[in-house]
Amino acid sequence: MTADPSIDRRSVLSGAAAALGATAGCSGVLGRGNGRPEPVSVLAAGSLNNALENGLRPAVDADLQVEAHGSAEVARLVADGGKDPDVVSVADVALFDSPLRPDWFAEFATNSVVVAYDPETEGGRRLADAGPESWYRPLLDGDVALGRTDPDLDPLGYRTLFVLELATEHYGTRTDLREAIPERDQIYPETQLIGGFETGSIDAAVAYRNMAVERGYDYVDLPPEIDLGDPAHAPAYAAASYELPSGKVVEGDVISYAATARHRSRTVLDVFEAHVTGRYLNEFGFVVPDGYPRYTGDAPDALAD
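Residues numbered from 1 in each chain as written. Predicted model: local features only at pLDDT ≥ 70, side-chain atom pairs only at ≥ 80, totals over all residues. Heavy atoms only, no water.

### Some thoughts on the overall build of the chain
And step 1. Along the backbone of the chain there are 14 helices and 12 strands.
And step 2. The burial tally for the chain puts 52% of its 305 residues in the buried class. (Helix = DSSP H or I, 4+ residues; strand = E, 2+ residues; numbered from the N terminus. Buried < 20%, exposed > 50% of the residue type's maximum accessible area, 1.4 Å probe, protein only.)

Here it is in structure tokens:
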């Protein structure tokens with residue numbers, strides 16, 4: 001399957017801003033008493049960057065200061081004291097078990113892994129022709145310049161390895177795809193991954209669905225047995241694992257984004273609420289299941305209620 005060609009970046013951004021217009025008016029974000037919006041810093045997963053900048057920012061009155069990295073790096077920066085953001089938002093709730101251990105957090109969205117491609121390149125066309133049942137073949141044959149993220153810095157990086165491991169079993173290949181396909185020169189920062197299409201450095205990238213949708217790129221939908229997006233297959237996903245440099249072992253699971261507010265000013269909590277409940281999440285390709293946001297721990301009453 002490919003992305004709906006009617007979805008382009010301009011329509012996504014304008015739709016997100018319109019959808020959240022009402023939220024901005026009722027968010028109640030307060031300034032410091034001098035008429036200027038209070039700044040709120042958000043340290044977030046790279047896959048959230050575009051949605052936060054172009055969906056959340058227009059919806060709040062605060063001066064939003066967004067910095068994005070791979071989620072494992074985000075967690076380390078905060079845990080080591082290198083960063084002190086008001087809000088931390090990561091692409092894997094497991095990072096709130098270690099290295100971060102916040103008193104509370106909210107799971108607010110899910111996602112799935114896809115293989116995005118550039119239909120203007122020969123490698124991209126080969127991958128498109130292979131489709132959901134054979135997408136791995138041109139990667140094995142070396143016909144496609146692939147981009148992926150660093151598993152030591154970013155959940156998308158280790159989820160790429162999970163997908164390849166699960167695909168080996170799912171397709172019954174003789175070759176271990178997790179061992180055969182990854183190469184070191186495929187590594188890109190998450191915030192620059194899809195941009196490789198524009199520079200011509202890659203033909204395809206293992207990405208989150210929202211990353212392809214919000215930029216209007218074509219992509220191959222992977223079977224639910226391996227795309228890490230279907231709760232019905234969570235037990236099977238858990239068969240894959242990866243050890244981070246810290247020694248923490250992360251296991252395959254359904255992708256779940258989670259956030260916490262480290263400071264509890266009214267302004268910070270208003271921005272946090274808009275972040276985890278805003279309709280912009282759907283506009284930018286995330287999936288918000290029924291019952292989300294889902295709070296764990298000692299969340300402020302104003303949010304948990």
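Additional details are given in the paragraphs that follow.
### So, the pairing of strand E7 (residues 204-208)
Put simply, side chains in a regular strand alternate between the two faces of the sheet.
And step 1. Within E7, 5 of the 5 residues are buried, which leaves it mostly tucked inside the rest of the structure.
And step 2. Direction of pairing for strand E5 (residues 113-117) relative to E7: antiparallel, over a ladder of 5 bridges. Across the sheet, the residue bridging to Val115 is Val206, located in E7. (Pairing = 2+ DSSP bridges.)

### Things to note about unusual backbone geometry
And step 1. With an omega dihedral of 10 degrees, the bond running from Ser98 to Pro99 counts as a cis peptide bond.
And step 2. Residue position: Pro99 is located in the loop between strand E3 (87-90) and strand E4 (104-109).
And step 3. Omega for the peptide link from Tyr292 to Pro293 comes to 0 degrees, which places this bond in the cis form.
And step 4. When you line up the elements, Pro293 lands in the loop between helix H13 (280-283) and strand E12 (294-297).
And step 5. If you check the backbone angles, Leu228 has positive phi at about 60 degrees while not being a glycine.
And step 6. Under the relative-accessibility criterion, Leu228 is labelled buried at 0%.

### Observations regarding the nonpolar core
And step 1. With 92 residues, the main nonpolar core has Trp135, Tyr257 and Phe272 as its most contacted residues.
And step 2. If we ignore the near neighbours within four places in the chain, the residues touching Trp135 are Val115, Leu127, Ala130, Val163, Leu164, Ala167, Tyr171, Val220, Leu222 and Ile226. (Core = buried A, V, L, I, M, F, W, Y, C linked by side-chain atoms within 4.5 Å. Contact = heavy atoms within 4.5 Å.)

### Considerations on the sheet that holds strand E8 (residues 218-221)
The strands that make up a sheet pair up through hydrogen bonds in the backbone, lying either parallel or antiparallel.
And step 1. Strand order across the open sheet formed by 4 strands is E6-E7-E5-E8, with mixed pairing between neighbours. One side of each edge strand has no neighbouring strand; the edge strands of this open sheet are strand E6 (146-147) and E8.
And step 2. Each of E5 and E7 is contacted by helix H7 (residues 155-171), which is oriented at about 110 degrees to E7, the strand it contacts most. (Axes fitted to C-alpha atoms, helices over the stretch in contact; angles between N-to-C directions.)

### Some thoughts on the pattern of salt bridges
And step 1. All chains considered together, the criterion is met by 14 salt bridges.
And step 2. One salt bridge connects Glu122 with Arg126, and the closest N-O pair in it is separated by 3.6 Å. With a gap of 4 residues between them, Glu122 and Arg126 both fall in helix H5 (residues 122-134), about one helical turn apart.
And step 3. A relative accessible area of 45% places Glu122 in the partly exposed class.
And step 4. Accessibility expressed as a relative area gives 39% for Arg126, which makes it partly exposed.
And step 5. Among the salt bridges present, the one from Arg266 reaches Asp270, with a minimum N-O distance of 3.0 Å. Separated by 4 residues within a single helix, Arg266 and Asp270 lie in helix H12 (residues 266-277), roughly one turn from each other. (Salt bridge = Lys/Arg side-chain N within 4 Å of Asp/Glu carboxyl O.)

### A few points about the packing of aromatic side chains
And step 1. Using the criterion set out here, one finds 12 aromatic pairs in the structure.
And step 2. Ring geometry for Trp104 versus Tyr295: centroids 6.4 Å apart, planes at 35 degrees, classification tilted. Of this pair, Trp104 sits in strand E4 while Tyr295 is found in strand E12, placing the two residues 191 residues apart along the sequence.
And step 3. Judged by relative accessible area, Trp104 falls into the buried class, the value being 2%. (Phe/Tyr/Trp six-rings, centres within 6.5 Å; stacked < 30°, edge-to-face > 60°.)

### Considerations on the confidence of the model for the chain
And step 1. When pLDDT is averaged across the chain, the result is 88; 88% of the residues are at 70 or more.
And step 2. Between residues 1-33, whose pLDDT stays under 50, and residues either more than four places distant or in other chains, the model counts 62 contacts. (pLDDT = per-residue confidence, 0-100.)

### Digging into the environment of Arg215
And step 1. With respect to the element layout, Arg215 can be found in helix H10 (residues 209-215).
And step 2. A relative accessible area of 28% means that Arg215 is categorised as partly exposed.
And step 3. Spatially, the C-alpha atom of Arg215 lies 9.6 Å from that of Gly195, the residues being 20 residues apart in sequence.
And step 4. Separated by 3.2 Å, the side chain of Arg215 and the backbone oxygen of Met211 make a polar contact.
And step 5. Among the polar contacts made by the side chain of Arg215, one reaches the side chain of Glu214 at a distance of 2.7 Å. (Polar contact = N/O pair within 3.5 Å; in protein donor to acceptor, adjacent residues only side chain to side chain.)

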